[in-house]
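Below, each chain spelled out in residue letters.
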Amino acid sequence: MKKSIIGLVVVAGSVTVYQLSVNSMDIANTSLEPESILGNYSLEVPVQAVNETELGASEYDDFDLQILAQLRADYKENIAELKVQASLLTVKRYILEKYPESGEERFTRLVLAAFPEFAESIFRVIEGLERYQNWVSEEYLYLEELSPLAKNGMLWEKRREIFGSDAELIWQDEKDNLNQSKLRMQEVFHQLDQSNETSLDEKLFQLRSAIDENLAGSVQDAALSEGVISRAFFNLSSVQKGLSEMPAEERQIEIDNIRRQLGYSEEQIETLAAKDQEREARWQTGYAYMAERAELVASLDAEQLDESLAELRQKYFEHEAVTIQREEEMDFWRFNRPRKFGNN
């Protein structure tokens with residue numbers, strides 16, 4: 001049977017359940033309501049030999065000896081890592097729950113006995129983490145009113161204020177998980193971009209499934225609006241290939257359906273469809289202009305060309321003719337850009 005200490009810690013405005021296994025530190029995060037700080041605690045440790053003579057047996061009762069044995073079993077190999085030292089707060093909370101009066105003293109004594117060479121660092125990290133969590137609790141309502149990105153920014157600002165550059169090490173797992181999620185999402189986009197065999201509906205399903213699997217509950221997930229997902233989806237080469245092969249009317253129906261699946265309201269879909277038609281008309285105007293312009297460039301000399309091009313720009317773009325001319329002088333050709341149905 002797997003032996004473990006179960007404890008609760010408030011982090012980033014929510015309570016997290018930590019399971020600390022005997023053989024390794026296995027952390028499983030489960031969000032709870034912020035006010036649910038106390039829960040059911042249990043301690044199950046194997047019978048392990050502890051040198052009671054070395055420790056001074058009179059100072060340690062059976063509970064202390066069990067905790068001490070488990071501390072050594074769980075953390076001995078990795079106690080030098082700051083993120084591991086920070087996780088000892090769960091043990092401190094557990095001891096305080098069992099012994100409110102003597103818990104602080106017990107925890108201090110046990111850390112000194114288990115890891116004397118790292119005790120000073122452990123106490124400093126845990127004191128800072130308690131300050132951080134107290135701040136989170138005090139600012140909880142304000143933090144919950146912020147956007148996900150703004151909230152994450154404030155949390156990291158406070159972490160760095162308390163821990164300096166060590167904050168990156170203490171919350172390294174959080175950053176590593178985010179980086180791994182980003183890499184997995186990049187791979188998903190690459191696969192979808194190259195996939196010309198699957199339908200648009202299937203591509204959209206795969207994208208939403210990947211977001212749910214890799215970003216669910218994260219700051220990035222909260223920041224993903226339907227607009228952000230829509231732009232990313234319509235930017236896929238395989239999606240554009242499928243849309244470009246459709247007749248205009250069928251293409252608009254498909255674009256509307258994609259937006260509907262992404263959570264757009266019918267009113268939003270209608271508004272965006274009208275913009276799509278405006279864009280379509282503008283692109284067709286641009287294509288016609290570029291074709292006629294190419295004919296002029298091929299048939300006229302330099303002296304005749306400037307005047308003819310000015311007339312041509314005025315014919316197609318009227319009050320925007322000057323802007324088009326300036327863009328061309330800068331070697332920017334807006335109608336030679338890739339067409340992205342649903343985006344531009």
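See above for the structure.
All chains use their own residue numbering, which begins from 1 and follows the written sequence. Reporting of local features is limited, given that this is a predicted model, to residues whose pLDDT is at least 70; pairs of side-chain atoms are given and counted only at 80 or more, and all residues count toward the totals for whole chains, interfaces and linings. Heavy atoms from the whole structure form the basis of all side-chain values; hydrogens and water molecules are not counted.

A.B. asks: Break down the nonpolar core for me, with residues and values.
C.D. replies: In globular proteins that are soluble, nonpolar side chains generally tend to be buried together. By nonpolar core is meant a set of buried Ala, Val, Leu, Ile, Met, Phe, Trp, Tyr and Cys residues that side-chain atoms within 4.5 Å join together. When a residue's accessible area, from a 1.4 Å probe over protein chains only, is under 20% of the maximum for its type it is buried; when over 50% it is exposed; and in between it is partly exposed. One finds Ile-67, Leu-71, Tyr-75, Leu-88, Tyr-132, Phe-163 and Trp-171 to be the most contacted residues of the largest nonpolar core, which totals 38 residues. Top element by residues in this core is helix α6 (residues 119-138). It accounts for eight residues. Among the nonpolar cores identified, the runner-up in size contains 22 residues, and Val-188, Ala-210, Leu-236 and Leu-243 belong to it. Labels follow the DSSP assignment, with helices taken as runs of H or I lasting at least four residues and strands as runs of E lasting at least two, numbered in each case from the N terminus.

A.B. asks: Describe helix α2 (residues 62-75), with residues and values.
C.D. replies: One fewer than the residue count of a helix, multiplied by 1.5 Å, yields its expected span. Over its 14 residues, α2 extends 20 Å from the first C-alpha to the last, a length consistent with the 20 Å expected when each residue adds 1.5 Å. Where burial is concerned, most of α2 is hidden: 10 out of the 14 residues are buried. Every buried residue of α2 is listed here: Phe-63, Asp-64, Leu-65, Ile-67, Leu-68, Ala-69, Gln-70, Leu-71, Asp-74 and Tyr-75.

A.B. asks: Any details on the pattern of salt bridges? Residues and values, ideally.
C.D. replies: When charged atoms on two side chains of opposite charge get close, those side chains can pair. Put simply, a salt bridge is a Lys or Arg side-chain nitrogen that is within 4 Å of an Asp or Glu carboxyl oxygen. Considering all chains together, one arrives at 18 salt bridges under this definition. Residues Lys-158 and Glu-161 are paired through a salt bridge, measuring 3.1 Å at the closest nitrogen-oxygen approach. You can see Lys-158 and its partner Glu-161 sitting in helix α8 (residues 148-163), three residues apart, about one turn around the helix. Accessibility expressed as a relative area gives 17% for Lys-158, which makes it buried. One salt bridge connects Glu-320 with Arg-282, and the closest N-O pair in it is separated by 3.0 Å. On the criterion of sequence distance, the pair formed by Glu-320 in the loop between α17 (302-317) and α18 (321-329) and Arg-282 in helix α16 (residues 266-299) is long-range, its members being 38 residues apart. Classification of Glu-320 as partly exposed rests on a relative accessible area of 24%. One salt-bridge network, in which partners are shared between bridges, spans Asp-61, Asp-64, Glu-105, Arg-106 and Arg-109.

By themselves, these are just geometric observations and shouldn't be taken as functional.
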